[in-house]
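# Architecture and fold: a report
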Amino acid sequence: MSAAEMPEDMPGNMTDGFHLVVEALKLNGVDTIFGVAGIPITDLLRLAQAEGIRYLGFRHEQSAGNAAAIAGFLTQKPGICMTVSAPGFLNGMVALANATTNCFPMIMISGSSDRAIVDLEQGDYEELDQLNAARPYAKAAYRINRPQDIGVGIARAIRAAVSGRPGGVYLDLTAEVLGSALDVATARKSLVKVVDPALPQPPAPEAIARAIELLASAQRPLAILGKGAAYAQADQEIRSFIETTGIPFLPMSMAKGLLPDDHPQSAAAARSYAIGNADVVLLAGARLNWLLSHGRPPLWSEATRFVQIDILPTEIDSNRAIAAPVVGDIKSAFATLNATIKPGQIKRQAAWMDEIGRRKQQNIERMAARLNADPSPMNFSSALRAVRNALATHPDVYIVNEGANTLDFARNIIDMSVPRHRLDSGTWGVMGIGMGYAIGAAAVTGKPVIAIEGDSAFGFSGMEIETICRYGLPVVTIIFNNNGVYRGDPAGSAYSPTGLLRDARYDKIIEAFGGAGYHVTDTPGLTKALSDALASGKPALINAVIDPTAGTESGHIQSLNPRSAVTQRT
Ligand code: ADP
Ligand code: TZD
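Reading the values: rules and limits
Residues numbered from 1 in each chain as written. Chains lettered and ligands numbered in written order. Predicted model: local features only at pLDDT ≥ 70, side-chain atom pairs only at ≥ 80, totals over all residues. Heavy atoms only, no water. Domains from an automatic or database assignment. Contact = heavy atoms within 4.5 Å. Buried area = accessible area lost by both parts, 1.4 Å probe. Salt bridge = Lys/Arg side-chain N within 4 Å of Asp/Glu carboxyl O. Nonpolar A, V, L, I, M, F, W, Y, C, P; charged D, E, K, R; others polar. Pairing = 2+ DSSP bridges. Helix = DSSP H or I, 4+ residues; strand = E, 2+ residues; numbered from the N terminus. Axes fitted to C-alpha atoms, helices over the stretch in contact; angles between N-to-C directions. Near = heavy atom within 4 Å. Polar contact = N/O pair within 3.5 Å; in protein donor to acceptor, adjacent residues only side chain to side chain. Buried < 20%, exposed > 50% of the residue type's maximum accessible area, 1.4 Å probe, protein only. Core = buried A, V, L, I, M, F, W, Y, C linked by side-chain atoms within 4.5 Å. Patch = residues over 30% accessible without salt bridge, like charges linked within 9 Å, V, L, I, M, F, W, Y side chains within 5 Å. Areas by Shrake-Rupley, 256 points an atom, 1.4 Å probe, with all protein chains shown as cover. Parallel < 35°, antiparallel > 145°, perpendicular 65-115°, else oblique. Left-handed = near helix turned anticlockwise from the far one by under 90°. Right-handed = clockwise from strand over helix to strand, strands pointing away.

Here we take up the domain arrangement of the protein. In many analyses, interface size is given as the accessible surface area lost on bringing the parts together. Entries for the protein in the domain assignment read domain 1 (14-190), domain 2 (205-357) and domain 3 (373-557). If you average the C-alpha positions of domain 2 and of domain 3, the two centres end up 32 Å apart. At the junction of the two partners, domain 2 supplies 15 residues and domain 3 supplies 15 residues. Sorting the residues of domain 2 by area buried against domain 3 places Met254, Lys256 and Trp290 first, and these three jointly supply 41% of that buried surface. Counting the contacts that link domain 2 with domain 3 gives one salt bridge. Arg420 serves as the salt-bridge partner of Asp235, at 2.7 Å between the closest nitrogen and oxygen. Looking at the side of domain 2 that touches domain 3 residue by residue, the class counts come to six nonpolar, four polar and five charged.

A separate point is the sheet that holds strand β14 (residues 398-402). With respect to topology, six strands assemble into an open sheet ordered β15-β14-β16-β17-β19-β18, the strand pairing being parallel. Pairing within the sheet leaves two strands with one partner each, and these edge strands are β15 (422-424) and β18 (516-520). With direction set aside, neighbouring strand axes in the sheet form an average angle of 15°. As paired elements, β18 and strand β19 (residues 540-545) share five bridges and run parallel to each other.

Our focus in this paragraph is the site of ligand 2. Around ligand 2, the structure places 17 residues, and the nearest of them are Asn405, Thr406, Gly429, Asp455 and Ala457. The contact in question runs from an oxygen atom of ligand 2 to an N or O atom on the backbone of Ala404, over 3.3 Å. Here an oxygen atom of ligand 2 and a side-chain polar atom of Asp455 are 2.7 Å apart. Going through the elements one at a time, α17 (405-413) and α19 (455-459) are the ones with two or more residues in the shell around ligand 2. Per-element accounting of the shell around ligand 2 gives the leading share, three residues, to α19. Here the residues of the shell around ligand 2 are counted per class, giving eight nonpolar, eight polar and one charged.

Side chains that carry opposite charge are capable of pairing whenever their charged atoms lie near each other. Across all of its chains, the model carries 19 salt bridges by this definition. Among the salt bridges present, the one from Glu243 reaches Arg239, with a minimum N-O distance of 3.1 Å. With Glu243 and Arg239 both in helix α12 (residues 235-245) and four residues apart, the pair spans about one turn of that helix. Taking relative accessible area as the criterion, Arg239 reaches 29% and is therefore assigned partly exposed. Salt-bridge contacts for Glu466 lead to Arg470; the nearest nitrogen and oxygen are separated by 2.9 Å.

With that out of the way, let us pick up the nonpolar core. In terms of nonpolar packing, the biggest core is built from 87 residues, with Ile238 and Leu423 touching the most fellow members. When residues in this core are grouped by element, the largest group, eight residues, is from helix α3 (residues 61-75). In this structure Leu423 touches Ile70, Phe73, Leu74, Met254, Tyr398, Ile399, Val400, Asn401, Tyr437 and Ala441, once residues within four positions along its chain are discounted. Counting 38 residues, the second-largest nonpolar core is a separate cluster that includes Leu45, Leu47, Ala48 and Ile150.

Further remarks concern helix α20 (residues 464-471). A large share of α20 lies buried, amounting to six of its eight residues. Listed in full, the buried residues belonging to α20 are Glu464, Ile465, Glu466, Thr467, Ile468 and Cys469. At the exit of α20 stands Gly472, carrying a positive phi of roughly 60°.

As a further point, take a nonpolar patch on the surface. A surface patch of nonpolar side chains, about 330 Å² in accessible area, is lined by Trp290, Leu291, Ile557 and Leu560. Mapped onto the fold, Leu291 is located in the loop between β11 (280-284) and β12 (305-310).

Let us look at the site of ligand 1. What surrounds ligand 1 is a group of 20 residues, the closest being Arg165, Lys227, Arg287, Asp310 and Ile330. Note that an oxygen atom of ligand 1 is positioned 2.8 Å from one of the side-chain N or O atoms of Arg287. One of the backbone N or O atoms of Ile330 is found 2.9 Å from a nitrogen atom in ligand 1. Considered on its own, ligand 1 offers 580 Å² of accessible surface; in the complex 96% of this is hidden by protein. Examining the composition of the shell around ligand 1, we find that three residues originate from one element, helix α11 (residues 227-231), more than from any other. For the shell around ligand 1, the class distribution of residues is eight nonpolar, six polar and six charged. Split by domain, the residues of the shell around ligand 1 number at least three in each of domain 1 (14-190) and domain 2 (205-357).

Here the bond from Pro297 into Pro298 is cis, since omega is 10°, no more than 30 degrees from zero. Residue placement: Pro298 occurs in the loop between β11 and β12. Pro377 follows Ser376 through a cis peptide bond whose omega is -5°. Within the element layout of this structure, Pro377 appears in the loop between α15 (350-372) and α16 (380-391). At Glu126, a residue that is not glycine, the phi angle is positive and equals roughly 50°. With phi around 65°, Asn483 is a residue other than glycine that occupies positive phi space. Within the secondary structure layout, Asn483 lies in the loop between β17 (475-481) and α21 (507-512).

Take the packing of α3 against helix α4 (residues 87-102) next. Two elements in contact, α3 and α4, have axes whose closest approach is 7 Å; the angle formed by their N-to-C orientations is 30°. Taken as axis vectors, α3 and α4 run roughly parallel relative to one another. Crossing angle aside, the handedness with which α3 passes α4 is right-handed. Here Glu61, Gln62, Gly65, Asn66 and Ala69 of α3 lie close against α4, whose contacting residues are Gly88, Asn91, Gly92, Val94, Ala95, Asn98 and Ala99. For the contact of α3 with α4, the residue count by class is four nonpolar, seven polar and one charged.

What follows concerns helix α1 (residues 17-27). Taken across its 11 residues, α1 has nine buried, putting it largely inside the fold. Within α1, the full set of buried residues consists of Gly17, Phe18, His19, Leu20, Val21, Val22, Glu23, Ala24 and Leu25. For α1, the N-terminal cap is Asp16; the gap from its side-chain oxygen to the backbone nitrogen of Phe18 is 3.3 Å. Residue Gly29 follows α1 closely and has a positive phi angle near 80°.

Here the focus is the pairing of strand β2 (residues 32-35). Burial along β2 is two-sided: the face carrying Thr32 and Phe34 and the face carrying Ile33 and Gly35 are both buried. Examined bridge by bridge, β2 and strand β3 (residues 54-57) share four bridges and lie parallel to one another. Looking across to β3, one finds that Phe34 is bridged to Leu56. Note that the unit made of β2, helix α2 (residues 42-50) and β3 has a crossover that is right-handed.

Structural data, given as C-alpha cells:
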C-alpha cells in the first residue's frame, strides 16, 4: 500500500475501511462497479472512481444489479453492484435473486446501518437485518464486522460467486467497518488475492464412458444446449462434438448462437418433434425445469434416456432419472468426450436427420407466410422481420429481449450466429432486466446492443434511458408498443388490468435526455430507423407501433395461467 493510497486526513501509518475495500477489489481485478450512491457508500464509490475503477451510476438498484449479473455471465468474473442500506439493498435483491436463479456470478455489496441499533430494533436510519434478508435468495451471504476482515470477506465473496455453479453473493459492509481505521501493516497483510476460483472440474472417466455408450446406442439422439454451456465459453469443444457426432441440437434461448441458428444440424424449427421422439438426450448446461416441461409427457416420451452434463451434482435426477450423469465443467466434459470417442463410434442417424429436416422445412414454410405478410399496423412477426433485416449485416450486435409476445416471437425470428449474444428474461421469465442487461453488456463489451422490449416490460427499467444517455452507450431500444401488457384494450373502453396508455410516445423520453427518438408505424420505417440508429453508434429509442390486438395473453405460456388449468380440468 503506497502513501498515495492512504486517506489524506490520517497519519501516514493508518488506513481505513473505504481504502481497504477498494484495494481488495483492485487486487482481484475488479475494474467496473455498477450501483446507486448514498449513505454509507458515497465516499466508497468516489474513492473507487479516483483509484481507476469504472463506476456506472444507475437510477434504480435493480438495474445496477442486473447490469452486474449480465457482466458476470459475459465475462466469467463476478459483476459488482453496490447499494445503500435497507431500501437500496431491497431494490437490488430482485437482481441478486435473479442472478442466483440464472447461475450468473455477481456480488451485491451493500452498506448497512449500525448493528448494535439494528439488532435491538432501536430504529436506525435505514434499519434492516440485511444479512438474514439476503440469505434465502443468494448462493452465499457474508457480513464483514472488522476492517481486518475486508480482504478475506471480499475473497470469499468472489470465490463463492464463480466456483462450481455460479450465483449471486451478498456482502454486507457495515458503515462502522467502512469508517474504521487500521494500521497499514495489518491492512496490507489482510488483503487476499484469490487464486483460481473456478478451476476446471473434469468429470470422472467412468461417467464419460457411460455417456458415450448410451449415445452410441441411440438411433434418435438429440443434444440440448443451455445457458450453462454458453457461460462455460467452450464454444470450440461443443461445436466439434456436435459436428463430429452428427447429433442434432436444440439451443435454449440464451444458448442460441453457440452454433449458428442456420446450422444444418439445428433442430430448433422442429423442436416438439425432436424432443418427443428422441431416444437419448444429451443435456448440457440446461436444467429440466419448466422451460423444458420438467422432462415430462406430453412433450417428452417416458422412454427417453438422458445424459446430463452439469457442474452441480444435485441437479442430476432433479426431475427425471438421468441414466448417464456427467458431473463436471462443460469445457472439460466436451474436451474429454471429444478425446475419448473413437472414430465412427457414434454413428450418424440419417433417417432421423432426414425426418427432422422434413419437419423443419414444413414449419419454416408455414412461418414464412406469417413473416412475409405486411399488415397495417405491424404485428409481431412483420416488425421482427424488419428488425431481422436490419440486423443481417450486424451479427455481432448483442440482443437483449423481454416481454411476453415480444420475447416469444423474437426468440424464434431473430437468428443468432455468435455465442452469448442473446440475453433475455431467462429462468424466471422476469420483466425488468432490459435496460440493466443492455447497459451491463455495452459496458463490458464496448459493442452495440439492441434491446427488443415489450411496452410493459420496458416500463420496469425505463428510467435507465437517462443512464444510457449520460454515458453515451451504444444502446438502441426498440419498444413494441401495443398499448398494454400482452395486448391493448379495445378502442374507447376503460383501462383493463392489462391496459397501458394508448398511443404513448416512448421516443419522446429519450429526446428529453439528448438521445435520438424514432416513431415508426411500418416495416420499411422500422428497418431504416434501426439501421440509422446502429450506424450512429449513439443512444436511440424506436417507438414501433404494433397492432393492439396482435398479442396473445401470456404469450406462449398461456397454459401456466391458473384459469386455463381450470378450463382444462372442466
Ligand atoms: P437454460 O435456461 O438455458 O436451460 P439453465 O439455467 O436451466 O439453462 O441451466 C444452466 C445449468 O448449467 C445449471 O444447472 C448450472 O449448474 C450449469 N452450469 C453452469 N456453468 C456450468 C459449467 N461451467 N459447467 C457445467 N455446468 C454449468
Ligand atoms: N412482473 C415481473 C417482475 N415479471 C413478470 N414476468 C410479470 C410481472 C408478469 N408479466 C409477464 O410475465 S410478461 C409481462 C408481464 C407484466 C409484460 C408483457 O407485456 P409486454 O409484451 O408489453 O412487455 P407483449 O409483447 O405485449 O406481450
